[in-house]
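Take a look at the letters that make up each chain.
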Amino acid sequence: MPASTRRPAARLTVTVLLVLLVGGCGGKTATSTAATQPSTTTATTVAPTTTTVPPMTAKEVAWLNAIRKLHKKIDKPFLPSNLNMTRSKMVELGNALATCSRELRRIGSPSDRLQPVNVVVKKACRTYDKGAQCFATAARVSDASGAVLAGSPEERTQQRAMDCGFAAQGNGGNLLDEAEAKAAVIEAEVH
């Protein structure tokens with residue numbers, strides 16, 4: 001191939017390369033591989049950030065234990081062996097349900113980590129409070145033995161109130177079970 005033909009081909013190749021380099025970088029900031037190399041090395045030597053969950057505090061453990069103890073305390077008078085439904089038993093059952101809100105106020109609010117548990121416990125206490133009112137109504141219309149005149153308005157009131165009270169005890173207990181399950185999940189996360 002003559003020398004005159006090779007030169008324009010070489011110039012064309014150099015021109016194309018320059019156009020590509022200038023056109024590819026036009027208006028954009030170029031990053032040098034030399035500049036990125038040290039930052040890559042630095043990034044790989046930095047340990048990844050991990051979040052560790054701190055252990056339960058003594059106050060958190062005490063709060064959870066108080067909730068568990070409260071649940072047992074509320075359930076105890078409802079055991080089948082204790083259910084001779086006199087007026088005083090109705091009052092006792094109502095007082096047991098009302099214990100939830102009083103005890104929750106006494107033990108106070110838990111830490112932020114236990115707020116999901118507290119939300120469910122508060123709901124359980126509101127349910128128990130309704131049940132306490134129902135048992136108070138049943139006791140109010142009953143005589144000392146727990147009896148009412150058959151077919152009377154008092155009998156209907158007592159029956160509705162007793163159904164309401166026992167339903168609240170069951171629903172509130174289920175909510176406390178749910179709260180305790182949430183607490184167990186939180187406790188498992190820290191161990």
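Residues numbered from 1 in each chain as written. Predicted model: local features only at pLDDT ≥ 70, side-chain atom pairs only at ≥ 80, totals over all residues. Heavy atoms only, no water.

Attention now goes to the overall build of the protein chain. Assigned secondary structure in the protein chain consists of 6 helices and 0 strands. Order of helices (α) and strands (β) in the protein chain, N terminus to C terminus: α-α-α-α-α-α. Residues counted as buried form 31% of the 191 residues belonging to the protein chain. Within the protein chain, contacts between residues separated by at least 24 positions form 77% of all contacts whose residues are at least 6 apart in sequence. Here the protein chain has roughly 12500 Å² of accessible surface; of this, 60% comes from carbon and sulfur atoms. (Helix = DSSP H or I, 4+ residues; strand = E, 2+ residues; numbered from the N terminus. Buried < 20%, exposed > 50% of the residue type's maximum accessible area, 1.4 Å probe, protein only. Contact = heavy atoms within 4.5 Å. Areas by Shrake-Rupley, 256 points an atom, 1.4 Å probe, with all protein chains shown as cover.)

A word on the pattern of salt bridges. This structure, assessed with the given rule, holds 4 salt bridges. A salt bridge links Glu 60 to Arg 113, with the nearest nitrogen and oxygen atoms 2.7 Å apart. One end of the pair, Glu 60, is in helix H3 (residues 58-75); the other, Arg 113, is in the loop between helix H4 (87-107) and helix H5 (115-141), with 53 residues separating them in the sequence. Arg 113 sits in the partly exposed class, given a relative accessible area of 23%. The salt bridge partner of Arg 106 is Glu 103, with a shortest N-O separation of 2.5 Å. Taken as a pair, Arg 106 and Glu 103 lie in helix H4 at a separation of 3 residues, close to a single helical turn. Given a relative accessible area of 60%, Arg 106 falls into the exposed group. (Salt bridge = Lys/Arg side-chain N within 4 Å of Asp/Glu carboxyl O.)

Considering all chains together, one arrives at 1 cavity of 30 Å³ or more under this definition. Within this model, the largest cavity holds a volume of roughly 40 Å³. Considering the residues around the largest cavity, the lining is formed by Leu 64, Ile 67, Arg 68, Val 117, Ala 179, Glu 180 and Ala 183. The set of elements that each furnish at least two residues to the lining of the largest cavity consists of H3 and helix H6 (153-190). Its residues assigned to classes, the lining of the largest cavity shows 5 nonpolar, no polar and 2 charged. (1 Å grid on protein atoms, 1.4 Å probe; cavity = no way out; pocket = protein on both sides within 12 Å on 5 of 7 lines; lining within 4 Å. Points joined across faces, edges and corners; volume = space filled by probe spheres on them. Nonpolar A, V, L, I, M, F, W, Y, C, P; charged D, E, K, R; others polar.)

This part covers the environment of Arg 105. For Arg 105, the location among the structural elements is in helix H4. Residues Arg 105 and Lys 122, spaced 17 residues apart in sequence, show a C-alpha to C-alpha distance of 10.0 Å.

Turning to the state of the cysteines, a few remarks are in order. Tallied over the full model, the rule gives 2 disulfides. Put simply, Cys 100 and Cys 125 are joined by a disulfide, and their sulfur atoms are 1.9 Å apart. Torsion about the S-S bond of the Cys 100 and Cys 125 cystine: about -65°, corresponding to left-handed handedness. With a gap of 25 residues between them, Cys 100 in helix H4 and Cys 125 in helix H5 connect regions that are remote in the sequence. (Disulfide = S-S within 2.5 Å.)

On to a positive patch on the surface. A surface patch of like charges, here positive, comprises Lys 69, Lys 73, Arg 102 and Arg 105. Every element with two or more residues in the positive patch is listed here: H3 and H4. Considering the arrangement of structural elements, one finds Arg 102 in helix H4. Take Arg 102: its relative accessible area is 44%, and that puts it in the partly exposed class. (Patch = residues over 30% accessible without salt bridge, like charges linked within 9 Å, V, L, I, M, F, W, Y side chains within 5 Å. Lys, Arg positive; Asp, Glu negative; His and termini not counted. Charge placed at Lys NZ, Arg CZ, Asp CG, Glu CD.)

With that settled, the discussion passes to the packing of aromatic side chains. In the structure shown here, the tally under the stated rule is 3 aromatic pairs. Seen in terms of ring centroids, Phe 78 and Phe 166 are 6.0 Å apart; in terms of plane orientation they differ by 80°. Their pairing is edge-to-face. With Phe 78 in the loop between H3 and H4 and Phe 166 in helix H6, this residue pair connects regions lying 88 residues apart in the sequence. With relative accessibility at 10%, the residue Phe 78 sits in the buried group. Three or more aromatic residues link up through ring pairs in this structure, and these residues are Phe 78, Phe 135 and Phe 166. (Phe/Tyr/Trp six-rings, centres within 6.5 Å; stacked < 30°, edge-to-face > 60°.)

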